[in-house]
Amino acid sequence: MKVGLLLVAAAIIARSQPVLDLVLMGGHVMDPANGRNGTFDIGIVEGRIQTIAAHIPAAYARQVVDVSGYYVTPGLIDIHAHLEPDGLAADHNSLRNGVTTVVDAGSATTETISDYRKRVVQRSDTRVLAFVRPGADARGGLQQNQDIIVGFVADADKTLPAALKAATETKLPVMLDTDGRAQPDSVFRELRAGDIYTNIYSQALPPSSARASGLLFDGSHGGAGFWFRIAAESLKGGFLPYTISTGLDRTSALLPRAGLANVMSKFLALGIPLDKIIERVTVNPARAIHRPELGTIREGAEADIAVLELQKGTFAFLDSGHGRLTSDQNLHCILTIRKGEVVWDTYGLSTEDWKQAGPYSNFK
Amino acid sequence: MKQIASGIFWSLVLLPWISSAQPRYDLVIRRGHVIDPANGRDAVMDIATSGGKIVRVADLIPANEARKSIDATGLYVTPGLVDLHAHVFGYSGAILPDDSALPAGTTTVVDAGGSGWRTFDTMKSRVISQSLTRVLVFLNIVGHGMVGQKFEDDVSDMDPAKTAQTIMAHREDIVGIKTAHFGGKGWDAIDRAVEAGRLSKTPVMVDDKILTNSGRTTREKLMVRLRPGDIHTHLYNDRQLEVIDRFTGKLQPWMTEARKRGVLFDLGHGGGSFLWPVATRAMAQGFPPDTISTDLHSSSIMIPESDMANCISKLMNLGMSLQDAILRSTVNPAKAIGRYPEIGTLKEGQVADIAVFRLKSGVFAYKDAWRKKLLGTKKLECVLTVRNGRLVFDAEGRAFPEWTSAGKYEVLP
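No experiment lies behind these values; they were computed from the predicted model shown.

Student: Describe the overall build of chain B, with residues and values.
Tutor: Secondary structure assignment for chain B yields twelve helices and 15 strands. For 413 residues, the compact-globule estimate of 2.2 N^0.38 gives 22 Å, and the C-alpha radius of gyration of chain B, at 24 Å, lies within 12% of that figure. Overall, the C-alpha framework of chain B stretches about 95 × 45 × 40 Å when taken along its three principal axes. In chain B, the proportion of contacts linking residues at least 24 apart, taken out of those at least 6 apart, comes to 74%.

So, in structure tokens, the structure goes:
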């Protein structure tokens, strides 16, 4: 950290001008991947994290954004969403929630993934990755698309064997996304350590034998996936999911409007501390999809960052059955950086007052 | 005799109890400040709906007369907003409307030229019939719709007859014509759109590039080429329509003349079409938009955050009253497309499209197309939306019970 700062200082002395494109100043950084939980400044150059330090002088930066009073985290990872071509759009549902990486579950197969790349991945600023349904040729489909395929998805015990076969051939994990439908216990014997079982709050909890097996549990929401009575009991019993996600679909994009900030707020309302929640939307999902370069604020990493505000007041949350939970806290995303660019900034922290800007556009 | 009389007496006494056992309304929204410009309402009132329609608006409707009662104390209740300019098909930034419009209190969007006569059927099956939001259409004069400069410059695909034919075959969905982004010289695009408008008896919405060598001027467009009732959009943009003289800061004289003529001016905020230097000067010189609209697309809802509630908020911070803003977001757009009073009002018998808003005080940053901010003191936020009598958005959980008191529930209605 100190070496980085010295290099920056040396560069400035050599060039006599700001070296960092952007500095996020004074935020409470929560970065479990690197064990950081305290006040740090973050410097960004050309879309990458250049330095993280206790204090970066403002003179080193072309632009300083004051984020004191807010939490600064790696861009969040939403490991489970449904973003079909011509369906829900990724960006406003993700980036407005601090999500810079979203993983679609099952909109594409190994055969249709190239089409999916054109119609969804390339049209989104959010990084869109995919659990795909296995097609005829798992290895072939993977060949050109290793950058976006993170595993295979099955929707029931009947489709699980094909997904497991493809996953074993390609050394990738499987996600079982049953959209809340109960499954026979046999699935827990077939799923392997490192596979992901989602929607754990839609039905009765998985058997305790399954919980110790290395299987990764995803606390998701979606239209039918999240019930306070199931989640509250499960969390009170001390069982935390490995990841937290939205399971976003057309129902949960509206009522309740369960973007990732809303889902995280529900866990907060059910008594889970913030740092444990952040772990489950950054370092843990990154590990689950074998992408350790994501979910982290590390020198050299792509600058994907979320700035979150923990609001105090009276807030009401609805579950999939529209039961209400009232809480005195709400977590929402106020600023998102994707590849070093500010893409969401609802408080205008990175923007200039128009009257101070002088003439702009075509005005003289 | 006495027993019969007693029986009749007690039946009469108990009658209200018996009849109230069956709630006669589906939903009642109570104690909200109703703003319904069409019916001259601007007061605390209760609204009851039944079978997807508004059935009663009155000073006091008891909660137990409805299956569901929502307390709107301290909130504003308006007709569902009508967004005259959105992109939900065709255009590269188009997004499905439901998860952007409904949470902003917008129950009707008008797609501004995403489809042309060649692609309308696809739009109907892929977007219109799959959306909870009511989607109406300005059909692009370009047969292929708004699918790129190459197509939008192609005059040979601007067929007034075919465009008008498609409109007349789909009057329930198509309300007018759009011409946009024409980069060529002369008036062909606008003239052909207006011709289609004449044939189909519908208005034209125009988004025009006034390039240096285009052979077009704003003045001629507004005073000659467009008809009364035609709509010019992207009002507070300074690239395409000269509202403000960029050297003197004065409102251009043809703006007032065109308004007197009956040309309508639509905000069309978008990602690139709202500038504080233009908006502040225009509002200060008495030139608000006739209709408030968002130009909804994938980038306009990011940094600019231009949903209907925020567009209204921006104008309120420039001095427009809430009542006036609601008029320009409901009645005016509904009239512009010939759909008044079926939409844009809270009239008994009309569809139950209702929005509930909280008006917040504080400090709020509003960004323009150049990411320059204006700090405002007011913000209108949608907290609840009813579309076709059905609750579709409820940010504060007003319509539902605490989960601990609801027993073991499936989906609570």
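Student: A description of the overall build of chain A should follow, citing residues and the corresponding values.
Tutor: When helices and strands are counted, chain A shows eleven helices and 17 strands. Computed over its C-alpha atoms, the radius of gyration of chain A comes to 21 Å, within 12% of the 21 Å expected for a compact globule of 364 residues. Expressed as lengths along the three principal axes of its C-alpha atoms, the size of chain A is roughly 65 × 50 × 45 Å. Counting the 364 residues in chain A, one finds 61% classified as buried. Of all intrachain contacts in chain A linking residues separated by at least 6 positions in sequence, the fraction that spans at least 24 positions is 64%.

Student: I'd like a description of the side chain of B:Arg328, backed by residues and values.
Tutor: Residues and elements named next belong to chain B. By secondary structure assignment, the location of Arg328 is in the loop between helix 11 (322-327) and helix 12 (331-336). Here the side chain of Arg328 touches Pro289 through a polar contact of 2.9 Å, landing on its backbone oxygen. With residues near it in sequence (within four places) discarded, Arg328 still touches Pro288, Pro289, Asp290, Thr291, Ile292, Met320 and Pro333.

Student: Explain the interface of chain B and chain A to me, using residue names and the numbers behind them.
Tutor: With 53 residues of chain B at the interface, the matching set in chain A holds 46 residues. Of the roughly 4,400 Å² buried between chain B and chain A, counting both surfaces, carbon and sulfur atoms make up 57%. Inspection of the chain B/chain A interface yields three salt bridges. Its salt-bridge partner being A:Arg324, residue B:Glu402 comes within 2.7 Å of it at the nearest N-O pair. The interface formed by chain B and chain A contains 28 residue pairs in polar contact (both at pLDDT 80 or more). Of all the elements in the fold, those that place two or more residues in the side of chain B that touches chain A are helix 2 (98-101), helix 9 (276-284), strand 13 (354-367), strand 14 (372-387) and strand 15 (390-394) of chain B. The leading source of residues in the side of chain B that touches chain A is helix 9 of chain B, at five residues. Split into classes, the residues belonging to the side of chain B that touches chain A amount to 29 nonpolar, five polar and 19 charged. By the bridge criterion, two bridges tie strand 17 (residues 352-353) of chain A to strand 14 of chain B in an arrangement that is parallel.

Student: A description of helix 5 (residues 160-169) of chain B should follow, citing residues and the corresponding values.
Tutor: All names here are of chain B. Taken as a whole, helix 5 has its buried residues at Pro160, Thr163, Ala164, Thr166 and Ile167. For helix 5, the angular spread of buried residues about the axis comes to 160°, placing them on one side. Facing away from the buried side of helix 5 by more than 90 degrees, the exposed set consists of Gln165 and Ala169. Of the surrounding elements, those touching the buried residues of helix 5 are helix 3 (120-126), strand 8 (134-140), strand 9 (174-180) and helix 6 (188-200). Regarding helix 5, its N-cap is Asp159, as a side-chain oxygen of that residue lies 3.0 Å from the backbone nitrogen of Ala161 further along.

Student: For the pairing of strand 6 (residues 76-81) of chain A, give the residues involved together with the corresponding values.
Tutor: Regular strands show a simple pattern: their side chains alternate between the two faces of the sheet. All names here are of chain A. Of all six residues that make up strand 6, six are buried, and the element is covered over most of its length. When strand 6 meets strand 7 (residues 99-109), the two strands line up parallel, connected through four bridges. Within the sheet, the bridge partner assigned to Ala81 lies in strand 7 and is Asp104.

Student: Requested: an account of the sheet that holds strand 12 (residues 264-265) of chain B, with residues and values cited.
Tutor: Residues and elements named next belong to chain B. With respect to topology, seven strands assemble into an open sheet ordered 6-7-8-9-10-11-12, the strand pairing being parallel. The strands lining the two open edges of the sheet, one partner per strand, are strand 6 (81-86) and strand 12. Together, strand 9 and strand 10 (204-207) form the strand contacts of helix 6, whose direction differs from that of strand 9 by roughly 170°.

Student: Tell me what's going on with the packing of aromatic side chains, and back it up with residues and numbers.
Tutor: Residue and element names in this part refer to chain A. Going through the model one piece at a time under the given rule, you end up with 14 aromatic pairs over all chains. A ring pair is formed by Phe226 and Phe228, whose centres lie 5.9 Å apart and whose planes are at 85°; its orientation type is edge-to-face. Phe226 gets classed as buried once you look at its relative accessible area, which sits at 0%. Overall, Phe228 belongs to the buried group, its relative accessible area being 0%.

Student: Describe the sheet that holds strand 10 (residues 174-176) of chain A, naming the residues involved and giving the relevant values.
Tutor: Hydrogen bonds between backbone groups are what pair the strands of a sheet, and the pairing can be parallel or antiparallel. All names here are of chain A. What the eight strands build is an open sheet, ordered 6-7-8-9-10-11-12-13; its pairing is parallel. Among the strands making up the open sheet, the edge pair consists of strand 6 and strand 13 (243-244). In the packing of helix 5 (residues 160-170) onto the sheet, contacts are made with strand 9 (149-154) and strand 10, and the angle to strand 9 comes to roughly 160°. Across the face of the sheet, helix 9 (residues 260-269) comes into contact with strand 6, strand 7, strand 12 (216-219) and strand 13 while running at roughly 95° to strand 6.

Student: Give a description of the pairing of strand 5 (residues 71-74) of chain A that names residues and reports values.
Tutor: Residues and elements named next belong to chain A. Relative to strand 5, strand 1 (residues 20-31) runs parallel, the two sharing two bridges. Residue pairing in the sheet places His28 in a bridge with Tyr71 of strand 5. With four bridges joining them, strand 5 and strand 14 (residues 305-318) adopt antiparallel strand pairing. In the sheet register, Val72 faces strand 14, and the bridge partner there is Val307.

Student: Outline the pattern of salt bridges, supporting the account with residue identities and numerical values.
Tutor: Applying the stated criterion to the full structure yields 41 salt bridges over all chains. Across the pair A:Asp21 and A:Arg62 runs a salt bridge whose closest N-O atoms are separated by 3.2 Å. Residue A:Asp21 is found in strand 1, and its partner A:Arg62 is found in strand 4 (residues 61-66); the two are separated by 41 residues along the sequence. With its nearest N and O atoms 3.4 Å apart, the salt bridge here joins B:Glu65 to B:Arg24. On the criterion of sequence distance, the pair formed by B:Glu65 in the loop between strand 3 (53-58) and strand 4 (66-71) and B:Arg24 in the loop between helix 1 (2-20) and strand 1 (25-36) is long-range, its members being 41 residues apart.

Student: Give a description of the environment of B:Met158 that names residues and reports values.
Tutor: Residues and elements named next belong to chain B. Within the element layout of this structure, Met158 appears in the loop between helix 4 (149-152) and helix 5. As a C-alpha pair, Met158 and Val142 span 16 residues in sequence and 4.7 Å in three-dimensional space. Not counting the four nearest positions on each side in its chain, Met158 is found in contact with Ile141, Val142, Glu152, Asp153, Phe182, Ala189 and Arg192.

Student: Quick one: what's the story with helix 6 of chain B, residue by residue and with numbers?
Tutor: Residue and element names in this part refer to chain B. A rise of 1.5 Å per residue sets the reference length of helix 6, with its 13 residues, at 18 Å; its end C-alpha atoms lie 18 Å apart and thus fit the reference within 8%. The complete set of buried residues in helix 6 reads Ala189, Ile190, Ala193, Val194, Ala196, Gly197 and Ser200. Here the buried residues of helix 6 occupy an arc of 155° about the axis, which is enough to place them on one side. In this structure, the buried residues of helix 6 make contact with helix 5, strand 9, strand 10 and helix 7 (218-225). Positive backbone phi, approximately 55°, marks Lys201, located one or two places after helix 6.

Conventions and cut-offs
- Residues numbered from 1 in each chain as written.
- Chains lettered and ligands numbered in written order.
- Predicted model: local features only at pLDDT ≥ 70, side-chain atom pairs only at ≥ 80, totals over all residues.
- Heavy atoms only, no water.
- Helix = DSSP H or I, 4+ residues; strand = E, 2+ residues; numbered from the N terminus.
- Rg over C-alpha atoms; globule rule 2.2 N^0.38 Å.
- Contact = heavy atoms within 4.5 Å.
- Buried < 20%, exposed > 50% of the residue type's maximum accessible area, 1.4 Å probe, protein only.
- Polar contact = N/O pair within 3.5 Å; in protein donor to acceptor, adjacent residues only side chain to side chain.
- Buried area = accessible area lost by both parts, 1.4 Å probe.
- Salt bridge = Lys/Arg side-chain N within 4 Å of Asp/Glu carboxyl O.
- Nonpolar A, V, L, I, M, F, W, Y, C, P; charged D, E, K, R; others polar.
- Pairing = 2+ DSSP bridges.
- Arc of directions from axis to C-beta.
- Axes fitted to C-alpha atoms, helices over the stretch in contact; angles between N-to-C directions.
- Phe/Tyr/Trp six-rings, centres within 6.5 Å; stacked < 30°, edge-to-face > 60°.
- Expected span 1.5 Å × (residues − 1).

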